[in-house]
Amino acid sequence: MTEKSAISPEASSALGRALSRAVPWLVLAACLIALDQATKLAADAYLAPYRPRPLLPFFNLTLMYNEGAAFSFLSEAGGWQRWFFIALSSVVSVVLLVWLLRLPREERWLALALTLVLAGALGNLIDRVAYGHVIDFLDFYVGRWHWPAFNVADSAISVGAVLLVAHSLFAPRREP
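What this report covers is the structure whose coordinates are included nearby. (Residues numbered from 1 in each chain as written. Predicted model: local features only at pLDDT ≥ 70, side-chain atom pairs only at ≥ 80, totals over all residues. Heavy atoms only, no water.)

Overview of the packing of aromatic side chains
Link 1 in the chain: Scanning the model with the defined rule gives six aromatic pairs in all.
Link 2 in the chain: For the ring pair F59 and F140, a centre distance of 4.5 Å and an interplane angle of 35° mean the geometry is tilted. Taken together, the residues span a long stretch of sequence, with F59 in strand β2 (residues 59-66) and F140 in strand β3 (residues 134-142) at a distance of 81 residues.
Link 3 in the chain: Measuring from centroid to centroid gives 5.8 Å for W145 and W147, while their planes differ by 65°, and the two rings are edge-to-face.
Link 4 in the chain: The class for W147 is partly exposed, based on a relative accessible area of 41%.
Link 5 in the chain: Through pairs of rings, three or more aromatic residues link up here, namely F58, F59, F140 and F150. (Phe/Tyr/Trp six-rings, centres within 6.5 Å; stacked < 30°, edge-to-face > 60°. Helix = DSSP H or I, 4+ residues; strand = E, 2+ residues; numbered from the N terminus. Buried < 20%, exposed > 50% of the residue type's maximum accessible area, 1.4 Å probe, protein only.)

A short note on the side chain of T115
Link 1 in the chain: By the secondary structure assignment, T115 is in helix α3 (residues 108-131).
Link 2 in the chain: Overall, T115 belongs to the buried group, its relative accessible area being 0%.
Link 3 in the chain: Not counting residues up to four positions away in its chain, the partners in contact with T115 are W25, L28, A29 and L100. (Contact = heavy atoms within 4.5 Å.)

Right, dumping it as structure tokens:
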């Protein structure tokens, strides 16, 4: 008695092609996640929480723990936000991964944008699962005004989001 495969040969072949197209982008995502986690671990190990270490007249390293989202949104919500952001990051990551796998090879700028957002989302997701908060440590400021502290994952998300907007505005439209 032979067992039938749950995936047809055609679907398996299409998945294999999609994965082979996505390998460079997945490697880039893995490298960004590793860089993000390494810098967060270093910041956590070598910086005292909430005590700035000045490096430039406009930049400090300042270890902070963010239980909320961007700009500390919902950081004082009482704990439920951890699970909300874990679920949200997980869903967004799956959607981005599927989108990335379905992209044609020539969509390099869109693939780069999706990869950056995916890597950032997964980098911060790792923190939320492991620690219950995101480790931030990059602190830019002008005078007494400080931009909210952020990390490598946040940077990847921001650059990826800018690339997504630029792609949607300026990329040539293809006929379906």
